[in-house]
Structures are given as structure tokens and as C-alpha cells.
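# Topology and contacts: notes
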Amino acid sequence: MGRTGDISQVLRVGQAVEVAIKGLDWEKERFTFSLRATLADPWDKVGTVYTRGSTHTGTVSRLAPFGAFVTLEEGVDGLLHISKLGEGRRINHPARC
């Protein structure tokens, strides 16, 4: 579960949820909760699902001068280094593959 700008896309009024308390500001009467902190960490299973040498499909989430960040599943992102892009050709930026 990623960040959301509109909480109504994730929760509805009256819905019961389990959250972790992240912060309490009594002066401003603000409380900070985390729904994600109560969920399983997707990185706990990475070693068994994504083994060395296996092939997986992902979505390029961001390009950087040194490579592409690929999302394999929600919460699991990895870097595909620029040296692995370009099918053997030397490239200066992943956007130019």
C-alpha cells in the first residue's frame, strides 16, 4: 500500500481498521497513524519469491542517470543498473534505450 492523497480511496466512514500510532501532538490536537505499519513487510518473502537467476516481469517506476527503478510488486522495487540496459550497447541515460 503506497501513499494516497485522498484517504477516501482507501477507507470508508465506519470501516474498522487496525493502525499503528506514529505520533501524538496534543497541542495541535493531531494524531498520526499508519495502516501500512500493521501489514506484512513484502521484503520478508523476497528471498524465496525472487531467487537469483530467475526472471520476473515488473513496471519501470522511475528513470535515473544510472539506471531504471523497477517495481516487481507493491512495496518491492529494485534498481536495474544502466550497464544491464541497451542490449550490449553503451548508453548514457536509460531514457535513450
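Let us look at the structure shown here. Treat the numbers as computed from the prediction; the structure is a model and nothing was measured.

### Let's talk about the overall build of the protein chain
Of regular secondary structure, the protein chain possesses 1 helix and 5 strands. Starting at the N terminus, the α and β elements of the protein chain follow one another as β-β-α-β-β-β. The C-alpha radius of gyration computed for the protein chain amounts to 19 Å, which surpasses the reference 13 Å derived for 97 residues by more than 25%, pointing to a less compact arrangement than a globule. Within the protein chain, buried positions represent 14% of all 97 residues. Excluding contacts between residues fewer than 6 apart, the proportion of contacts in the protein chain whose partners are at least 24 apart in sequence is 28%. Roughly 8300 Å² of accessible area belongs to the protein chain as shown, and the carbon and sulfur atoms make up 51% of that amount. Averaged over its 13 positive side-chain charges, the protein chain has a centre that lies 11 Å from the centre of its 11 negative ones.

### Some remarks on a nonpolar patch on the surface
A cluster of nonpolar residues, Val 17, Val 19, Ile 21, Leu 24, Trp 26, Phe 31 and Phe 33, forms a patch on the protein surface that exposes about 740 Å² of accessible area. Listed by contribution, the elements that provide at least two residues to the nonpolar patch are strand 1 (20-25) and strand 2 (30-34). When you line up the elements, Phe 33 lands in strand 2. Overall, the relative accessible area of 48% leaves Phe 33 in the partly exposed class.

### Here's the deal with the packing of aromatic side chains
One pass over the structure, following the stated rule, counts 3 aromatic pairs. When the centroid spacing of 5.4 Å and the interplanar angle of 80° are considered together, the rings of Trp 26 and Phe 31 count as edge-to-face. Ring centres of Phe 31 and Phe 33 lie 6.4 Å apart, and the angle between their planes is 35°; this geometry places the pair in the tilted category.

### As for the pairing of strand 3 (residues 59-64)
Relative to strand 4 (residues 67-73), strand 3 runs antiparallel, the two being bridged by 5 bridges. Across the sheet, residue Leu 63 finds its bridge partner in strand 4, namely Ala 68. The antiparallel pairing of strand 3 with strand 4 creates a hairpin that spans 2 residues between the two strands.

### Section: unusual backbone geometry
If you check the backbone angles, Glu 29 has positive phi at about 55° while not being a glycine. With respect to the element layout, Glu 29 can be found in the loop between strand 1 and strand 2. Among the residues examined, Glu 29 registers a relative accessible area of 67% and is labelled exposed.

### With respect to the pairing of strand 2
Summarising the sheet, strand 1 and strand 2 pair through 5 bridges and their orientation is antiparallel. When the sheet's bridge partners are listed, Asp 25 is paired in strand 2 with Arg 30. Between strand 1 and strand 2, which pair antiparallel in sequence order, lie 4 residues; one of them, Glu 29, sits at a positive phi of approximately 55°.

Reading the values: the criteria
- Residues numbered from 1 in each chain as written.
- Predicted model: local features only at pLDDT ≥ 70, side-chain atom pairs only at ≥ 80, totals over all residues.
- Heavy atoms only, no water.
- Helix = DSSP H or I, 4+ residues; strand = E, 2+ residues; numbered from the N terminus.
- Rg over C-alpha atoms; globule rule 2.2 N^0.38 Å.
- Buried < 20%, exposed > 50% of the residue type's maximum accessible area, 1.4 Å probe, protein only.
- Contact = heavy atoms within 4.5 Å.
- Areas by Shrake-Rupley, 256 points an atom, 1.4 Å probe, with all protein chains shown as cover.
- Lys, Arg positive; Asp, Glu negative; His and termini not counted.
- Charge placed at Lys NZ, Arg CZ, Asp CG, Glu CD.
- Patch = residues over 30% accessible without salt bridge, like charges linked within 9 Å, V, L, I, M, F, W, Y side chains within 5 Å.
- Salt bridge = Lys/Arg side-chain N within 4 Å of Asp/Glu carboxyl O.
- Phe/Tyr/Trp six-rings, centres within 6.5 Å; stacked < 30°, edge-to-face > 60°.
- Pairing = 2+ DSSP bridges.

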